[in-house]
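Chain and residue survey
So the chains spell out like this:
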Amino acid sequence: MDKIEKPHRWARFLRVSSRDLFVTVVPVALALSAAIWAVLHFVRPAAPSTITISTGPDGSSFQRAAERYAKAFAANGVTLKVRPSNGSLENLRRLADPDGGVDVGFVQVGVKLPDPQPGERRRELASLGTISRQPLYILVHGSAPPDRLSALAGKRLVIGPEGSGTRVLALALLKANGIEPGGPTTMLDLDDDLVGDALEQGYVDAAFLMGDSASPRVIRSIIEPGVHVLQLSQVEAYLRKFQDLDRVVIPMGAYDLAHNMPATDLDLVASSVELVARADLHPAISDLLIETMREVHGRPFLLQRAGEFPVAREHDLPLSADARRYYESGKRWLYRMLPFWAASLADRFLMVLVPLVLLLVPVFRLVPQVYAWRVRARLYRIYGSLLELERDVLDHAAEHQAGLLDRLDAIERRADALKLPVAFADQFYVLREHIGFVRRRLTTLAGERRRAL
């Protein structure tokens, strides 16, 4: 009999309760999977392998700079697509448009988009830093050039193409002098190749030139007898009124020492150009861009000293948090130690690993407790039935003994049917003792009541 009973009893004990473990672990695994998905998609996505930059017209200095950017990016395993544009305003429109397909672009300071129309969606933008300054040349026809812009009222002026930074700045300066479109002053857009002849022959009275339109080569070719650079006598006032403008002095002879061109120092106002990006640009791409900006725009030439650009200077748009961090402390340590692709991979791994560790520590502590609670809950349910039976024993031991014994037998069968981990064997045998105790108590009370009757 013992040989039959012993294996039967021990068959109810398991190393692990697979059912309880499954019910405990599956919800935790699902929650953990959801947390991992959220970390991967929302904490920090992987750095993109392709971005797009909006530049300027074909052959412009902005396009040439972007092509140098593209080479630097390719060396780091990132593709930089170059998209020509008509200038700063178009670059800004592409950047602000959620469907514009552009990540970064060159924008002259002062160029702004009109207020959005009702229902129009625009992306948040941020600056990655100022990359250059561009002096404004105001070339005038005549033997005695004026020294104030107000003298150009009623004249024929070339102010640059629509959407260009030159046109934006020229209109702002003219407006400050009471000269606006629609009045007696004629404002024109003329191809760069025609400006010099138009000035020399007197077809136009003045021309505002900046950027590629005002390169040293172009200025040398335009300045002829009868064409002069307007020297503003109110430069300091313009700098106070237009806080984003700078003063630039072109030294005598800087363009041609042999012919002493210019013949005197040129005291000019200059606007700045910044690289503008989507506010949600990936930090790794932001760092790579600023590093490339230093390589491309940090060289010395006529208008700047070595290392003067790029610079963390805010204008119309705020400096991005990643750009500010880069200018203050440089590249993150991972990107200083590893190639870009490896650093990007390691950075993403750490961004995922740290939150997961924080999640897993409490999970690993919680799972055993939940597992033990589930196993004990099966014992507690039988204890609940046993306590209810014991209360009924105290009230109806004699008259309902048969029914109470049947209920007790059912409880004992439920206990015998339990399959528990070995670690809970002691609690199982304690339950059996309690069942035996109730059985003895039921029999004793029933006997006492029968004798009393």
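These figures come from a predicted structure and were not determined experimentally.

**Considerations on the overall build of the protein chain**
- A count of helices and strands for the protein chain gives 14 helices and 13 strands.
- Looking at the protein chain as a whole, 43% of its 453 residues qualify as buried.
- Long-range pairs, those at least 24 residues apart, make up 75% of the contacts in the protein chain with a sequence separation of at least 6.
- Surface accessibility of the protein chain: about 24,400 Å² in total, with carbon and sulfur atoms responsible for 57%.

**Examining empty space enclosed by the protein**
- In total, this model carries one cavity of 30 Å³ or more according to the counting rule given.
- Reported here for the largest cavity is a volume of approximately 40 Å³.
- Forming the boundary of the largest cavity are Leu136, Ile138, Leu230, Leu232, Asp267, Leu268 and Val269.
- With three residues, strand β12 (residues 266–278) is the single largest residue contributor to the lining of the largest cavity.

**Some thoughts on the pairing of strand β4 (residues 104–108)**
- When you tally the buried positions in β4, you get five out of five residues, the bulk of the element.
- Pairing geometry for strand β2 (residues 50–54) and β4, over two bridges, is parallel. Looking at the pairing, isoleucine 53 lines up with valine 104 of β4.
- Taken together, the five bridges between β4 and β12 define a ladder with antiparallel strand orientation. When the bridges of β12 are listed, valine 104 appears paired with alanine 277.

**Re helix α6 (residues 192–200)**
- Val195, Gly196, Ala198 and Leu199 are the residues of α6 that are buried.
- Residues of α6 that are buried sit in contact with β6 (137–141), β7 (156–158), β9 (206–209), α7 (216–222) and β10 (227–229).
- Glycine 202 occupies a position one or two residues after α6 and carries a positive phi of about 80 degrees.

**Re the sheet that holds strand β8 (residues 186–188)**
- Ordered in space as β8-β7-β9-β6-β10, the five strands form an open sheet in which the pairing is mixed. Two strands close off the open sheet at either side, each with one partner strand: β8 and β10. For this sheet the average axis-to-axis angle between neighbouring strands, irrespective of direction, equals 20 degrees.
- Here four bridges tie β6 to β9, and the two strands are oriented antiparallel to one another. Bridge pairing links tyrosine 137 to leucine 209 in β9.
- Together, β7, β8 and β9 form the strand contacts of helix α5 (residues 165–176), whose direction differs from that of β9 by roughly 125 degrees.

**As for the nonpolar core**
- Of all hydrophobic cores here, the largest spans 31 residues; its most connected members are Tyr69, Phe106, Leu128, Leu275 and Leu289.
- Elements represented by at least two residues in this core include exactly β2, α3 (61–75), β4, β5 (125–135), β12, α9 (283–297) and α10 (321–329).
- Per element, the largest residue contribution to this core is seven residues, and it comes from α9.
- For leucine 128, the residues in contact, after removing those within four places along its chain, are Val104, Leu275, Ala277, Leu281, Ser286, Leu289, Ile290, Met293, Leu319, Ser320, Ala323 and Tyr327.
- If you look at the next biggest cluster of nonpolar residues, it comprises 24 residues, including Leu149, Ile179, Tyr238 and Phe242.

**Describing a negative patch on the surface**
- Where like charges cluster on the molecular surface, the negative patch consists of Asp189, Asp191, Asp192, Asp193 and Asp212.
- Residue position: aspartate 189 is located in the loop between β8 and α6.
- Its relative accessible area of 46% is what places aspartate 189 among the partly exposed residues.

**Brief notes about the confidence of the model for the protein chain**
- Averaged over the protein chain, the pLDDT score is 84; the fraction of residues at 70 or greater is 85%.
- The low-confidence segment residues 1–10, where pLDDT is below 50, has one contact with residues more than four positions distant or belonging to other chains.

**Quick word on the layout of surface pockets**
- Taken as a whole, the largest pocket encloses approximately 1,100 Å³ of empty space.
- Listed by contribution, the elements that provide at least two residues to the lining of the largest pocket are α3, β5, α6, α7 and α9.
- Of the residues that constitute the lining of the largest pocket, the class distribution is 19 nonpolar, 11 polar and 11 charged.
- Counted as a void, the second largest pocket has a volume near 660 Å³.
- Mapped onto the lining of the second largest pocket, the elements with two or more residues apiece are α3, α5, α6 and β9.
- A per-element tally of the lining of the second largest pocket places α6 first, with three residues.

**Quick word on the pairing of β9**
- The alternating pattern of β9 places Ala206 and Phe208 and Ala207 and Leu209 on opposite faces, both of which are buried.
- The pairing of β7 with β9 spans two bridges and is classified as parallel. Its bridge partner lying in β9, valine 158 is registered against alanine 207.

**Here's the deal with the pattern of salt bridges**
- Under the counting rule described, the total for this entry stands at 18 salt bridges.
- For arginine 121, the salt bridge is made with aspartate 99, and the minimal N-O distance between the two is 3.9 Å. Of this pair, arginine 121 sits in the loop between β4 and β5 while aspartate 99 sits in the loop between α4 (88–96) and β4, and the two are 22 residues apart along the sequence.
- A salt bridge links aspartate 322 to arginine 325; its shortest N-O distance comes to 3.6 Å. Here aspartate 322 and its partner arginine 325 are both found in helix α10, three residues apart, which amounts to about one turn of the helix.
- Classification of aspartate 322 as partly exposed rests on a relative accessible area of 23%.
- Here the residues in one salt-bridge network are Glu236, Arg240, Arg247 and Asp267, joined through shared partners.

**Observations regarding the packing of aromatic side chains**
- This model, assessed by the stated rule, comprises four aromatic pairs.
- Here a set of aromatic residues connected by ring pairs shows up, and it is made of Phe62, Tyr69 and Phe106.

Calculation notes
Residues numbered from 1 in each chain as written. Predicted model: local features only at pLDDT ≥ 70, side-chain atom pairs only at ≥ 80, totals over all residues. Heavy atoms only, no water. Helix = DSSP H or I, 4+ residues; strand = E, 2+ residues; numbered from the N terminus. Buried < 20%, exposed > 50% of the residue type's maximum accessible area, 1.4 Å probe, protein only. Contact = heavy atoms within 4.5 Å. Areas by Shrake-Rupley, 256 points an atom, 1.4 Å probe, with all protein chains shown as cover. 1 Å grid on protein atoms, 1.4 Å probe; cavity = no way out; pocket = protein on both sides within 12 Å on 5 of 7 lines; lining within 4 Å. Points joined across faces, edges and corners; volume = space filled by probe spheres on them. Pairing = 2+ DSSP bridges. Axes fitted to C-alpha atoms, helices over the stretch in contact; angles between N-to-C directions. Core = buried A, V, L, I, M, F, W, Y, C linked by side-chain atoms within 4.5 Å. Patch = residues over 30% accessible without salt bridge, like charges linked within 9 Å, V, L, I, M, F, W, Y side chains within 5 Å. Salt bridge = Lys/Arg side-chain N within 4 Å of Asp/Glu carboxyl O. Lys, Arg positive; Asp, Glu negative; His and termini not counted. Charge placed at Lys NZ, Arg CZ, Asp CG, Glu CD. pLDDT = per-residue confidence, 0-100. Nonpolar A, V, L, I, M, F, W, Y, C, P; charged D, E, K, R; others polar. Phe/Tyr/Trp six-rings, centres within 6.5 Å; stacked < 30°, edge-to-face > 60°.

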